[in-house]
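Spelled out, the chains give:
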Amino acid sequence: MTAASDIRVKTPDELKSLLLDLRKEQFNLRFQRATGQQENTSRVRAVRREIARVKTILAERARSAVKG
């Protein structure tokens, strides 16, 4: 799990890359669940929250860029 403070120090390009990686992982986890191969069920929730964290920070930066 990545803390919000660790995510905030990344550049927008790094954040977009991280978001892409997390979405790929989320897809794979969904596929594993559908085929009955999933072992770590808590990872689904963790990935979903990390995606939300990254998207929130990207949105905050977009808002601050518009204001400033």
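Residues numbered from 1 in each chain as written. Predicted model: local features only at pLDDT ≥ 70, side-chain atom pairs only at ≥ 80, totals over all residues. Heavy atoms only, no water.

K.L.:
Is there a simple way to explain the overall build of the protein chain in this structure?
P.N.:
Along its length, the protein chain carries three helices and zero strands. Ordered by position in the sequence, the α and β elements of the protein chain form the string α-α-α. Relative to the 2.2 N^0.38 estimate, which gives 11 Å for 68 residues, the radius of gyration of the protein chain is 14 Å and therefore markedly larger than a compact globule would have. Overall size of the protein chain, expressed as C-alpha extent along the three principal axes, is 50 × 15 × 15 Å. Of all 68 residues assigned to the protein chain, the portion counted as buried reaches 22%. Put simply, of all contacts in the protein chain between residues at least 6 apart along the chain, 73% involve residues at least 24 apart. Carbon and sulfur atoms make up 52% of the accessible area of the protein chain, which totals about 5100 Å². (Helix = DSSP H or I, 4+ residues; strand = E, 2+ residues; numbered from the N terminus. Rg over C-alpha atoms; globule rule 2.2 N^0.38 Å. Buried < 20%, exposed > 50% of the residue type's maximum accessible area, 1.4 Å probe, protein only. Contact = heavy atoms within 4.5 Å. Areas by Shrake-Rupley, 256 points an atom, 1.4 Å probe, with all protein chains shown as cover.)

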